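So the chains spell out like this:
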Amino acid sequence: MVEPPRILVVDDDARIRELLESTLRFAGFDVTVAASGRECLDLVGTSAVDLVLLDVVLPDLGGFELVRLLRSRRDQVPVVFLTARDGVDDRIAGLGVGGDDYVTKPFDVGEVVARLTAVLRRTRGGGNAPEPLRVDDLVLDPEAHRVTRGDREVELSPTEYRLLHYLMVNAGRVVSKAQILDHVWQYDFGGDGAVVEKFISTLRRKVDADAPALIRTVRGFGYTVRGG
């Protein structure tokens, strides 16, 4: 059996760690988390890690400095920086110390999955990309960030894509509005259930427009994607 890629998520914000851990597990990765730079160094030194998703600003050891230390000890584990710094100089600095890619906060979880997959593909010579999600003739390809229904491509906004992805990784299970808000609108969203209803309605118009309905409401409990 082929082992899934092993991702180490390093961030001192517990909410971000939990969000990324659950999202990446759903996408098919084996995930470990760390809250500090020193903990990251220990885990990379003692565990098999295929990629590090690393916050640039940590309380004990900056992300750039941490990567310099890794490279100085000839550890070539791929690193994708996670940061609120989106200036060109910051990107150049991060890549210059030996980083492989950048994701800026606030981030789109679909973009995170796509970027990690792309880096792993480059560094592992193909790697094990997350498998497409399928429910009947509805297919979501997390590597290509593409959704199709039968032979029709479904154009979705980033939020609609995240919502469908969350429903499909939980296909057959009912997820509540609270669970959807937590996983789709990320750690800094302060909305209520009405926004879920709005996006579910929009998603239905796009996904179930001219085919049997797959997105279903379970009254009093939440929503599910289920085949016929």
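Numbers given for residues are sequential positions, taken from 1 along each chain in its written order. A pLDDT threshold of at least 70 governs which residues receive local features in this predicted model, and a stricter bar of 80 or more applies before side-chain atom pairs are shown or counted, although totals over entire chains, interfaces and linings include all residues. No hydrogens and no water enter the side-chain calculation; it runs on all heavy atoms of the structure.

- In the annotation of an unreviewed UniProt entry, the entry for the protein chain reads DNA-binding response regulator, and the organism field reads Actinophytocola xanthii.

Here's the deal with unusual backbone geometry
So, point 1. Look at the link from Lys105 to Pro106: it is a cis peptide, with omega at -5 degrees.
So, point 2. In this structure, Asp136 is a non-glycine residue whose phi angle is positive, near 55 degrees.
So, point 3. By the criteria applied, helices consist of DSSP H or I runs no shorter than four residues and strands consist of E runs no shorter than two, each listed in order from the N terminus. Looking at where Asp136 falls in the secondary structure, it is placed in the loop between strand E6 (133–135) and strand E7 (138–141).
So, point 4. Given a relative accessible area of 53%, Asp136 falls into the exposed group. For every residue, the accessible area obtained with a 1.4 Å probe (protein chains only) is divided by the maximum for its type, and the residue is called buried under 20%, exposed over 50%, and partly exposed between those limits.

Things to note about the environment of Val184
So, point 1. With respect to the secondary-structure elements, Val184 resides in helix H7 (residues 177–184).
So, point 2. By relative accessible area, Val184 is classed as buried at 0%.
So, point 3. Linking Val184 and Tyr161, residues 23 residues apart in sequence, is a C-alpha distance of 9.3 Å.
So, point 4. The criterion used for residue contact is that any of the two residues' heavy atoms lie within 4.5 Å. In this structure, Val184 is in contact with Thr159, Arg162, Leu163 and Tyr166, ignoring residues within four places of it in sequence.

Some details on the nonpolar core
So, point 1. Buried Ala, Val, Leu, Ile, Met, Phe, Trp, Tyr and Cys residues form a nonpolar core when they are joined through side-chain atoms within 4.5 Å. Residues Leu163, Leu164, Leu167 and Ile180 are the most contacted members of the largest nonpolar core, which totals 27 residues.
So, point 2. Those elements giving two or more residues to this core turn out to be E6, E7, helix H6 (158–169), H7, helix H8 (193–207) and strand E11 (222–225).
So, point 3. Considering each element in turn, this core owes the most residues, 7 residues, to H6.
So, point 4. Not counting residues within four places of it along the chain, the set of residues in contact with Leu163 comprises Ile180, Val184, Phe199, Ile200 and Leu203.

Focus on the pattern of salt bridges
So, point 1. For this document, the term salt bridge refers to a Lys or Arg side-chain nitrogen within 4 Å of an Asp or Glu carboxyl oxygen. A full pass over the atoms with the stated rule returns 15 salt bridges.
So, point 2. Taking the shortest distance from any N to any O, the salt bridge between Arg6 and Asp50 comes out at 3.0 Å. Here Arg6 is found in strand E1 (residues 6–10), whereas its partner Asp50 is found in the loop between helix H2 (37–46) and strand E3 (51–55), with 44 residues between them in sequence.
So, point 3. Residues Arg25 and Glu21 are paired through a salt bridge, measuring 3.2 Å at the closest nitrogen-oxygen approach. Separated by 4 residues within a single helix, Arg25 and Glu21 lie in helix H1 (residues 14–26), roughly one turn from each other.
So, point 4. Judged by relative accessible area, Arg25 falls into the partly exposed class, the value being 41%.
So, point 5. Given a relative accessible area of 23%, Glu21 falls into the partly exposed group.
So, point 6. Connected through salt bridges with shared partners, the residues Asp11, Asp55 and Lys105 form a single ionic network.

Observations concerning the confidence of the model for the protein chain
Keep in mind that low pLDDT regions are not for reading the predicted coordinates in detail.
So, point 1. By definition, pLDDT measures how confident the predictor is in each residue, and it falls between 0 and 100. Averaged over every residue, the pLDDT of the protein chain is 84; the share at 70 or more is 87%.
So, point 2. Within the protein chain, the element-level pLDDT minimum falls on helix H4 (residues 88–96), averaging 63, and the maximum on E1, averaging 95.

Quick word on the sheet that holds strand E2 (residues 30–34)
So, point 1. When DSSP locates at least two bridges between a pair of strands, those strands are taken to pair. Here 5 strands make up an open sheet; going across it, the order is E2-E1-E3-E4-E5 and the pairing parallel. Two strands close off the open sheet at either side, each with one partner strand: E2 and strand E5 (101–104). Neighbour-to-neighbour, the strand axes of the sheet open up by a mean angle of 20 degrees, direction not taken into account.
So, point 2. Axis angles are defined between N-to-C directions and span 0 to 180 degrees, where every axis is a line fitted to C-alpha atoms and, for a helix, only to the segment in contact. In this fold helix H3 (residues 63–72) packs onto E3, strand E4 (79–83) and E5, with an angle of close to 170 degrees to the strand it touches most, E4.

Digging into the packing of aromatic side chains
So, point 1. Stacked, tilted and edge-to-face pairs are distinguished by plane angle, under 30 degrees for stacked and over 60 for edge-to-face with tilted covering the rest, among Phe, Tyr and Trp rings (Trp via its six-membered ring) whose centres lie within 6.5 Å. Per the stated rule, a full pass over the model turns up 3 aromatic pairs.
So, point 2. Measuring from centroid to centroid gives 5.1 Å for Phe64 and Phe81, while their planes differ by 80 degrees, and the two rings are edge-to-face. One end of the pair, Phe64, is in helix H3; the other, Phe81, is in strand E4, and 17 residues separate them in sequence. Accessibility classification places Phe64 together with Phe81 in one group, the buried group.
So, point 3. With a centroid separation of 5.7 Å and an interplanar angle of 50 degrees, the aromatic rings of Phe81 and Tyr102 are classed as tilted. Of this pair, Phe81 sits in strand E4 while Tyr102 sits in strand E5, and the two are 21 residues apart along the sequence.
So, point 4. The class for Phe81 is buried, based on a relative accessible area of 0%.
So, point 5. Under the relative-accessibility criterion, Tyr102 is labelled buried at 3%.

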